[in-house]
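Examining the three-dimensional arrangement
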Amino acid sequence: QVQLVESGGGSVQAGGSLRLSCGASGRTFRNYAMGWCRQAPGKEREFVAGISWSGGSTYYADFVKGRFTISRDNAKRTVYLQMNSLKPEDTAVYYCAAGRDGIAEVTVYDYWGQGTQVTVSS
């Protein structure tokens, strides 16, 4: 089992920035690829960004490329999502996830955090 706890969500105006953090406990953190996904009201959960176990490879959904950056610190068992140039359409609950069989799809992740709300106003 891997337990994940997100933090750093909140409300911001369009064009602003937020940094999400996700702390992990349980099984060896460095064995897992990590990702961030989001779900807006009435919509399906969608992949946002992912990072390999070593941090050497990162993947982004087209709608966040150039604005969001995912990173991880295996010593701290933490993964981050830096979100810049936020738009109202980025409003959603953001979930941290861990998996071992892929990175860039929602369905590959086995463990999920409880989510943190991000609200971007125009």
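For the structure, see preceding data.
Residues numbered from 1 in each chain as written. Predicted model: local features only at pLDDT ≥ 70, side-chain atom pairs only at ≥ 80, totals over all residues. Heavy atoms only, no water.

Here strand E1 (residues 2-7) pairs with strand E3 (residues 18-26) via 6 bridges, running antiparallel. Pairing of Glu-6 across the sheet is with Cys-22, part of E3. Relative to strand E8 (residues 78-83), E3 runs antiparallel, the two sharing 6 bridges. Of the residues in E8, the one forming a bridge with Arg-19 is Gln-82. (Pairing = 2+ DSSP bridges. Helix = DSSP H or I, 4+ residues; strand = E, 2+ residues; numbered from the N terminus.)

Let us now look at the packing of aromatic side chains. Geometry of an aromatic ring pair is reported as the spacing of the ring centres plus the angle between the planes. Within the structure shown, the criterion is met by 3 aromatic pairs. An angle of 75° between the planes, with centres 6.0 Å apart, marks the rings of Tyr-32 and Tyr-111 as edge-to-face. Of the two residues, Tyr-32 is situated in the loop between E3 and strand E4 (33-39) and Tyr-111 in strand E10 (residues 111-112); the sequence distance between them amounts to 79 residues. You can call Tyr-32 buried: its relative accessible area is 4%. Owing to a relative accessible area of 18%, Tyr-111 belongs among the buried residues under this scheme. Linked through ring pairs, Tyr-95, Tyr-109 and Trp-112 together constitute an aromatic cluster. Here the basic side chain of Arg-19 rests over the ring of Tyr-80, its NZ or CZ set 4.0 Å away from the ring centre. Over the aromatic face of Trp-112 sits the side chain of Arg-45, whose NZ or CZ is 4.7 Å from the ring centroid. (Phe/Tyr/Trp six-rings, centres within 6.5 Å; stacked < 30°, edge-to-face > 60°. Buried < 20%, exposed > 50% of the residue type's maximum accessible area, 1.4 Å probe, protein only. Lys NZ or Arg CZ within 6 Å of the ring centre and 35° of its normal.)

Okay, the sheet that holds strand E7 (residues 68-73) next. Spatially, the 4 strands line up as an open sheet ordered E1-E3-E8-E7, and their pairing is antiparallel. Each edge of the sheet is formed by a strand with only one pairing partner; in this case those strands are E1 and E7. Geometrically, the sheet is characterised by an average inter-axis angle of 15° between neighbouring strands, direction not taken into account. (Axes fitted to C-alpha atoms, helices over the stretch in contact; angles between N-to-C directions.)

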